[in-house]
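Spelled out from the first residue to the last, the chains are:
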Amino acid sequence: MSIVRAADAPRFELDGSQFTVFAGPSNGSRQVCAWRLTVAAGHESMPHSIDRDEVFMVLSGQLRVTPGGEVLGAGDSVVVPAGEPIEVHNPGAGPAEVHVTVPAGFTAYRADGSVFGTPPWAA
């Protein structure tokens, strides 16, 4: 069993978003990755896709997960199927907090199809 204390959870930053790691290969989970994603107000991520299904559950704030998709609020969730475009956008006035899960070992791709790889928060 692997326990991750909130104060000790690994944190990564990318383009105005923060990833706080709960589970992944680096801390004892061979099959599942889970992290809290904090997205700044007005922020929009780089367009990308991954080769596994990804689940987003909004804890607070507002978030759009796919280009042209619906805006989600606290308690809403969405499953983005493998290969579908992802473009996280926070249209709200404050930060959005989101719980994200995805199978371990996924590969991310940029919008042009080039390999981004496995990000450090999922390694």
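Residues numbered from 1 in each chain as written. Predicted model: local features only at pLDDT ≥ 70, side-chain atom pairs only at ≥ 80, totals over all residues. Heavy atoms only, no water.

The name given to the chain in an unreviewed UniProt entry is Cupin domain-containing protein, with the source organism recorded as Dactylosporangium cerinum.

**Q** Even after reading the chapter, I still don't get the UniProt feature "domain: Cupin type-2" (unreviewed entry) in the chain, so can you show me in this structure?
**A** If you check UniProt for "domain: Cupin type-2" (unreviewed entry), the listed places come out as residues 36-100 in our numbering. The span residues 36-100 shows a helical share of 0% and a strand share of 42%, and its end C-alpha atoms are spaced 6 Å apart. (UniProt positions renumbered as here; feature names shortened; annotations may be inferred. Helix = DSSP H or I, 4+ residues; strand = E, 2+ residues; numbered from the N terminus.)

**Q** Looking at this model, I keep getting lost on empty space enclosed by the protein. Mind explaining?
**A** Think of a ball as big as a water molecule: rolled over the atoms, this probe shows where empty space is left. One pass over the full model with this rule turns up one cavity of 30 Å³ or more. Considering only enclosed or pocket space, the largest cavity measures out at about 320 Å³ in volume. Residue lining of the largest cavity: 21 residues in total, with Leu14, Phe19, Ser45, His48 and Trp121 positioned closest to the centre. Sorting the residues of the lining of the largest cavity by element identifies strand 2 (17-23), strand 3 (32-39), strand 4 (48-50) and strand 5 (54-60) as the ones contributing at least two each. Its residues assigned to classes, the lining of the largest cavity comprises 15 nonpolar, four polar and two charged. (1 Å grid on protein atoms, 1.4 Å probe; cavity = no way out; pocket = protein on both sides within 12 Å on 5 of 7 lines; lining within 4 Å. Points joined across faces, edges and corners; volume = space filled by probe spheres on them. Nonpolar A, V, L, I, M, F, W, Y, C, P; charged D, E, K, R; others polar.)

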